[in-house]
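# Geometric and topological summary
This is what each chain is made of:
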Amino acid sequence: MKLVSAVLIVVVLLSSCNARKTVYISNKTGNTITLHVDSSYRATHAIAFTDSLDGLRIERKKVFDYGKGKWTKDDKNNLEDVLKHTKVINDSSRIAIDMPHKTRVSHIRFDVEELWVNIK
């Protein structure tokens, strides 16, 4: 009985703590890439993700820590919107292409609050 009570207390304590909020970007293209957010979009939309993504060079992965708390559906939608206005520059060819339409943002909640992006 004491063990069950102790486990319940630990579960309550862990669930009441604020998890870290991160954005995880995975590069599956096989080459180093640089992200470039459209300047006209950046000028008209003051979203935190635009500053983080513009000019970002990714070899395999990047993880951004946004403090503690929870991601909302609006946060996920904002990141998806920024990605729609982002070009991918492959370092081997230096040609800018639009972000692939199949690029999705996943919201993961397991010990951390994470928005996960796979660029293929």
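Computed from a predicted structure; not experimentally measured.

Reading across from one edge, β3-β2-β5-β6 is the order of the four strands in this open sheet, with antiparallel pairing throughout. A strand with exactly one partner marks an edge of an open sheet, and here the two such strands are β3 (57–58) and β6 (96–98). Sheet topology note: the strand β5 (residues 86–90)/β6 ladder contains three bridges and is antiparallel. By the bridge assignment, K87 is partnered in β6 with D98.

Let us now look at the pairing of strand β2 (residues 33–37). Taken across its five residues, β2 has four buried, putting it largely inside the fold. One ladder, built from two bridges, connects β2 with β3; its direction is antiparallel. Its bridge partner being in β3, T34 is matched across the sheet by R57. By the bridge criterion, five bridges tie β2 to β5 in an arrangement that is antiparallel. Across the sheet, I33 pairs through a bridge with N90, a residue of β5.

Another point: the sheet that holds strand β1 (residues 20–27). Here we have four strands laid out as an open sheet, ordered β4-β1-β8-β7, and mixed in their pairing. With partners counted over all chains shown, the strands left at the sheet margins are β4 (61–68) and β7 (105–110), one partner each. Between one strand and the next, the sheet's axes are offset by a mean angle of 20 degrees, whatever the strand orientation. Where helix α4 (residues 73–84) meets the sheet, it contacts β1, β7 and β8 (112–119), and its direction lies at approximately 145 degrees from that of β7.

As for its placement among the helices and strands, D91 is situated in the loop between β5 and β6. Side chain to side chain, D91 and R57 meet in a polar contact 2.8 Å long. Polar side-chain contacts of D91 include one of 3.2 Å to the side chain of R94. The contacts of D91, once residues within four sequence positions are left out, are T32, I33, T34 and R57.

Enumeration over the complete set of coordinates arrives at four aromatic pairs. Look at F49 and Y66: their rings are 5.7 Å apart centre to centre, the planes differ by 70 degrees, and that puts the pair in the edge-to-face class. Of the two residues, F49 sits in helix α3 (residues 48–53) while Y66 sits in strand β4, which places them 17 residues apart along the sequence. Exposure remark for Y66: the relative accessible area of 25% places this residue in the partly exposed category. With a centroid separation of 5.8 Å and 40 degrees between ring planes, the pair formed by F49 and W71 is classed as tilted. Of the two residues, F49 sits in helix α3 while W71 sits in the loop between β4 and α4, which places them 22 residues apart along the sequence. Classification of F49 by relative accessible area gives buried; the value is 5%. Given a relative accessible area of 4%, W71 falls into the buried group. Connected via pairs of aromatic rings, a cluster forms that spans F49, Y66 and W71. Over the ring of W71 we find K21; its NZ or CZ atom is 4.5 Å from the centre of that ring.

Parameters at a glance
Residues numbered from 1 in each chain as written. Predicted model: local features only at pLDDT ≥ 70, side-chain atom pairs only at ≥ 80, totals over all residues. Heavy atoms only, no water. Pairing = 2+ DSSP bridges. Helix = DSSP H or I, 4+ residues; strand = E, 2+ residues; numbered from the N terminus. Buried < 20%, exposed > 50% of the residue type's maximum accessible area, 1.4 Å probe, protein only. Axes fitted to C-alpha atoms, helices over the stretch in contact; angles between N-to-C directions. Contact = heavy atoms within 4.5 Å. Polar contact = N/O pair within 3.5 Å; in protein donor to acceptor, adjacent residues only side chain to side chain. Phe/Tyr/Trp six-rings, centres within 6.5 Å; stacked < 30°, edge-to-face > 60°. Lys NZ or Arg CZ within 6 Å of the ring centre and 35° of its normal.

So, to be careful, I would describe these as geometric facts and stop short of saying anything about function.
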